[in-house]
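Examination of the molecular architecture
Given next are the chains, with one letter for each unit.
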Amino acid sequence: MTKAVLLHSLLIILAFSCVSLVKAEDPYRFFTWEVTYGTISPLGFLQRGILINGQFPGPTLDWVTNDNIIINVINKLDEPFLITWNGIKQRKSSWQDGVLGTNCPIPPNSNWTYTMQMKDQIGTYNYFPSTLMHRASGGFGGLNLHARSVIPVPYPEPAEEFTVLVSDWWKADHKTLQQTLDSGNAFPFPDAILINGSPKNVVSFAGEKGQRYLFRVSNIGFTTSINFRIQGHNMTLVEVEGSHTLQEKYEWIDVHVGQSVAVLVTLNMESKDYFIVASTRFTKPILTTTAILHYNDSTVTASGPLPVAPTYQLHLSMKHARTIRWNLTANAARPNPQGSFHYGQIPIVRTLILQNTAAKVDGKTRYAINGVSHVNPATPLKLADWLNIPDVFTLNLTKSTPMTPPGPVSLEPSVIGLSLHDFVEIVFQNTENTVQTWHLDGHDFWTVAFGNGQWNTTMRRRYNRADATTRNTVQVYPYGWSVILVSLDNKGMWNLRSANWARQYLGQQLYFKVWNDEPSLFTEYNPPVNQLFCGLAHP
């Protein structure tokens, strides 16, 4: 028996024994993932990709609320590797978050086992590598959390569900793209857009005329917002990143980098094939790709013209975003109505204004938040904090407000200290002529406002304090601002980052230390028994 298999078996035994932390009746699901290089050809020529169990993209995960998940990840790459579970809250356990601020990466030819519970969540999510630029070569996949059978969903049950992963793609692999950034050069414009890892018209979704189908759509790309639409069909939006929405019909939907939506589509048109279209938003040139919606009795192939997409039209996109509202009469992972939680009446205890900046440091571009460009120390922040290792990071309150005017950019670990159960207003101020997108690990937040220009306190009159959706990723329009409200109810060290991965890699991220002084397993779990140690924490 190999060391990896032995460790995996011991962890399984331990998981079954931990009845004090996990309800015995909640089912366990076990996976072994081998991460390797392999040859793929998404653009019609051979290139190196990152595969999970030989698959590109990786396997789609369909789990149920409160499932206990055991995933043994075996790293067969030539570099350290981690996977993060994009949008999964990891209740009381940032140890499983899979980012470099909380986890040591899995060394080459080694393994580590994630042990997670999908506690009180439903919705459309995804996973991807969080190390270096690995995601540019693959290693990503869909992750769908389903309601338990005793909790009905607030929309007609679909005949089938389809996972749609839209990604921008490059002819160069992850190492070449990383070298581009490390050398100080600009990140290149993508060469193509893919659906489920394939170019135009390769992927097909088939169904019966008259039936409804649920499309779970994630923008798992690096840099570009996408516009999603289906030729000849309206889409009924039913969920965004775990929030049931008012069931409005749309001809098209903007999905920004890192975001996910779920739409119902009824096959009520003439029996033939139709184009499913994804195109880049706010770019010149516009890149477009297509998949096929196939009626099972169709003998007619899809033909043009493609459904028209909005052009640059930033204001239209902002208006579209404001139409997405919370369904206050619907349940969630639990049967209680979502509307019973009146977030708009909770007093705000702290306001953070976070401004993106870019600057040259030693002749190379760095991206920053409030003048601080994050650097990952060799010792993960969470480990350093737990073990009281000095000189790894400091809490700096000045990081929570921008410099006026913007000053020089500093390179350091960026950590903001916040108290457990604080209700916080976060303002994202965009100083650039591109759409920015931000993701917060470990929490959902209410997206209460978007606006143009400079935010000030009078903008609070515009907030949606009644039925804004909760989600985990928010867009900020050029030279504009977006505001989220978040209840910091999940203790730990949590990553707030630009979802544009090149900007994240070059420093546009930070960590929230959400803390109280009460040592209790009711608020945060201890490190897992298989905890990896590295840097100054190495035994």
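Above this text sits the structure in question.
Each chain carries its own residue numbering, running from 1 in the written order of its sequence. Where local features are concerned, this predicted model is filtered to residues with pLDDT of at least 70; where side-chain atom pairs are given and counted, the filter is 80 or more; whole-chain, interface and lining totals use all residues. As a convention, hydrogens and water are excluded, and side-chain values are obtained from all of the structure's heavy atoms.

This part takes up the environment of T223. Position of T223 among the secondary structure elements: in the loop between β12 (212–219) and β13 (226–230). Classification of T223 as partly exposed rests on a relative accessible area of 23%. Considered as a pair, T223 and T323 are 100 residues apart in the sequence and their alpha carbons are 24 Å apart. Not counting chain neighbours up to four residues away, the residues in contact with T223 comprise D168, W170, F187, P190, V257 and N500. Looking at T223, its side chain comes within polar contact range of the side chain of D168, at 2.8 Å. Numbering of helices and strands starts at the N terminus; helices are DSSP runs of H or I of at least 4 residues and strands are runs of E of at least 2. Each residue gets one of three labels from its accessible area relative to the maximum for its type: buried under 20%, exposed over 50%, partly exposed in between, using a 1.4 Å probe on protein chains only. Contacts are assigned to residue pairs that have any heavy atoms within 4.5 Å of one another. Each polar contact in these results corresponds to two N or O atoms within 3.5 Å; when the atoms are within protein, one needs to be able to donate a hydrogen and the other to accept it, and residues that are neighboring in sequence are counted only if both atoms are side-chain atoms.

Right, let's get into the state of the cysteines. What is meant by a disulfide is a covalent connection between two cysteines, made through their sulfur atoms. Note on terminology: pairs of cysteine sulfur atoms within 2.5 Å are recorded as disulfides. Inspection of every chain in the model, using the stated rule, returns one disulfide. Each sulfur of the disulfide joining C104 and C534 lies 2.1 Å from the other. Since a negative S-S torsion denotes a left-handed disulfide, the C104-C534 link at about -90 degrees is left-handed. With C104 in the loop between β5 (83–86) and β6 (110–117) and C534 in the segment after β33 (509–515), this residue pair connects regions lying 430 residues apart in the sequence.

Attention now moves to the side chain of S271. Its location among the elements puts S271 in the loop between β18 (260–266) and β19 (273–280). A polar contact of 3.0 Å, which involves the side chain of S271, links it to the side chain of D297. For S271, the contacting residues outside a window of four places in its chain are K209, Y295, D297 and S298.

The buried fraction of β18 amounts to six of the seven residues, a majority that puts the element mostly inside the structure. Sheet analysis places β12 next to β18, joined by seven bridges and oriented antiparallel. Within β18, the residue paired with F215 across the bridge is V263. As defined by bridge partners, strand β14 (residues 235–240) adjoins β18 across three bridges and the pair is classed as antiparallel. Residue pairing across strands places E239 opposite A262, the latter belonging to β18. In this scheme, strands are said to pair when DSSP sees at least two bridges between them.

Once that is clear, we can look at the side chain of S498. Structurally, the position occupied by S498 is in strand β32 (residues 492–498). We classify S498 as buried; its relative accessible area is 0%. Separated by 3.2 Å, the side chain of S498 and the backbone nitrogen of N500 make a polar contact. Those residues in contact with S498 that sit more than four places away from it in its chain are T437, W438, R503, Q504 and Q508.

Bringing empty space enclosed by the protein into the picture now. Residues are called lining when one of their atoms sits within 4 Å of a cavity or pocket point, these points coming from a 1 Å grid over the protein atoms alone, where a cavity is a set in which a 1.4 Å probe fits but cannot get out and a pocket is an open set with protein on both sides within 12 Å along at least five of seven lines. Grid points are joined across faces, edges and corners, and a volume is the space filled by probe spheres set on the points. Here the structure, examined in full by the defined rule, presents three cavities of 30 Å³ or more. Here the largest cavity defines a volume of roughly 70 Å³. For the lining of the largest cavity, the class distribution of residues is four nonpolar, seven polar and two charged. Here the second largest cavity defines a volume of roughly 40 Å³. As for the second largest cavity, its lining consists of Q355, T357, N370, G371, P402, M403, P406 and G407. Charged means Asp, Glu, Lys or Arg here, nonpolar means Ala, Val, Leu, Ile, Met, Phe, Trp, Tyr, Cys or Pro, and polar covers whatever is left, Gly included.

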